[in-house]
Amino acid sequence: MLILIAGITGFVGIPCARSAFARGHKVRGLARNIDNLPADVRDRLEGFETMSDPHDIAAMDRATKGVDVIICSFAAVPEMFMESQMMLIRAAERAGVKVRTTMPVFAVG
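What comes next concerns the included structure. (Residues numbered from 1 in each chain as written. Predicted model: local features only at pLDDT ≥ 70, side-chain atom pairs only at ≥ 80, totals over all residues. Heavy atoms only, no water.)

### Overview of the side chain of Glu-49
Mapped onto the elements of the fold, Glu-49 is located in strand E3 (residues 47-50). With relative accessibility at 19%, the residue Glu-49 sits in the buried group. Residues contacting Glu-49, with those up to four places away along its chain left out, are Gly-29, Leu-30, Ala-31, Ala-59, Arg-62 and Ala-63. (Helix = DSSP H or I, 4+ residues; strand = E, 2+ residues; numbered from the N terminus. Buried < 20%, exposed > 50% of the residue type's maximum accessible area, 1.4 Å probe, protein only. Contact = heavy atoms within 4.5 Å.)

Written out as structure tokens, the structure reads:
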């Protein structure tokens, strides 16, 4: 399964990626700076899309193409809560993604 983790470089995104890898899934990242990822996560990614800002619809469209599941763990800043999550949901709909969550998913492990 290919999982997109939006906000992969953050406090929630990194453990989600590690958990997905441990379960044998492929992971694609979406965030502003891949350099904020630890090497053990960065080196295993299927792909990474860089967002220029929280409203980068083109990056969201590229990131959602071909994924099976989306986990949204965007940063806890006001502009990311509603508007960016809605834009990501719309990108997922355009890409035909059936499984997505807009609430942070906490991973153990």
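Additional details are given in the paragraphs that follow.
### What about helix H1 (residues 13-22)?
Counting buried positions over the 10 residues of H1 gives seven, a clear majority of the element. Of all the positions in H1, only Gly-13, Ile-14, Cys-16, Ala-17, Ser-19, Ala-20 and Phe-21 are classed as buried. Structurally, H1 contributes buried residues whose contacts are with strand E1 (2-6), strand E2 (26-31), helix H2 (39-42) and strand E4 (69-72). Directly beyond the C-terminal end of H1, a positive phi value near 85 degrees is found at Gly-24.

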